Amino acid sequence: GQSLEQPSEVTAVEGAIVQINCTYQTSGFYGLSWYQQHDGGAPTFLSYNGLDGLEETGRFSSFLSRSDSYGYLLLQELQMKDSASYFCAVRDRRSNYQLIWGAGTKLIIKP
Amino acid sequence: DGGITQSPKYLFRKEGQNVTLSCEQNLNHDAMYWYRQDPGQGLRLIYYSQIVNDFQKGDIAEGYSVSREKKESFPLTVTSAQKNPTAFYLCASMETALTNEQFFGPGTRLTVL
């Protein structure tokens, strides 16, 4: 079957660095995406990893290791506005390339 | 401005009634999606359409129906057969089924009274 695991909640301090991990199980892995969702809002795309390695976009970076079925999202210089839920999502060839979503990680940032 | 609109933002319905949620996009995207999100959960795929006049069931299609008669429109009907319809419904689109970024509408929060 297909499954994704990510921590349900992570707490960090403003200005710090935080890493949100995602492990997945899928037979037809095609790529790993990360989305941010503020309370009551819609998800917004952050990054995509199709190949192993690090992708950097400003304060956010995402990493993928296909051999370990593992990825992470790294947020640097945390700001209060980064308080949100973060979802990893896997694209699976065997599901017609549709996204399979993790349950999300709620990031709490303290001043 | 290009984007996805969903209406209404909040919807209340009585048990036993069908209700249709609207989703319109002016991004000229081929692929469109409907998701359901329950509190503290990830998104679950209801239906998707990769091209006009064609759509596929997702993981939780029972009790729902869709149509894709126009490229820009992908309405979702929640029927009385859906046992627990109270949820947050999100519509999304992608340029094609193989591009990387899904764009989301603001969502419709459906409550069954």
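Here the residue index of a chain counts from 1 through its sequence in written order. Working convention: letters from A go to chains and numbers from 1 go to ligands, in the order in which they are written. Whole-chain, interface and lining totals are the exception, using all residues; otherwise, since this is a predicted model, local features are given only for residues with pLDDT of at least 70 and side-chain atom pairs are given and counted only at 80 or more. Excluding hydrogens and water, the side-chain figures rest on all heavy atoms present in the structure.

Caption draft 1: View of the pairing of strand S5 (residues 44-49) of chain A. Note on pairing: two strands pair once DSSP finds at least 2 bridges between them. Each helix is a run of DSSP H or I of at least 4 residues and each strand a run of E of at least 2, with the numbering of both proceeding from the N terminus. As judged from the five bridges shared by strand S4 (residues 29-37) of chain A and S5(A), these two strands associate in the antiparallel manner. Within the sheet, the bridge partner assigned to A:Trp34 lies in S5(A) and is A:Ser47.

Caption draft 2: Here's a closer look at unusual backbone geometry. In this structure, the amide linkage connecting B:Ser7 to the following residue, B:Pro8, adopts the cis form with an omega of -10 degrees. Although it is not a glycine, A:Tyr97 adopts a positive phi angle of roughly 65 degrees. By the secondary structure assignment, A:Tyr97 is in the loop between strand S9 (84-92) and strand S10 (98-101). Owing to a relative accessible area of 26%, A:Tyr97 belongs among the partly exposed residues under this scheme. The phi dihedral of B:Asn53 is positive, around 65 degrees, even though this residue is not glycine. With respect to the helices and strands, B:Asn53 occurs in the loop between strand S5 (43-51) and strand S6 (54-57). Burial classes: relative accessible area under 20% of the type maximum marks a residue as buried, over 50% as exposed, and values in between as partly exposed (1.4 Å probe, protein chains only).

Caption draft 3: Just the state of the cysteines, in detail. We call a pair of cysteine sulfur atoms a disulfide when they lie within 2.5 Å. Scanning the entire structure with this criterion turns up two disulfides over all chains. In this model, A:Cys22 is linked to A:Cys88 through a disulfide, with the two sulfur atoms separated by 2.2 Å. Taking the torsion about the sulfur-sulfur bond, which here is approximately 75 degrees, the covalent link between A:Cys22 and A:Cys88 counts as right-handed. Residue A:Cys22 is found in strand S3 (residues 18-25), and its partner A:Cys88 is found in strand S9; the two are separated by 66 residues along the sequence. On the accessibility criterion, A:Cys88 (0% relative accessible area) is buried. In this model, B:Cys23 is linked to B:Cys91 through a disulfide, with the two sulfur atoms separated by 1.8 Å.

Purely spatial values, then, with no claim about function.
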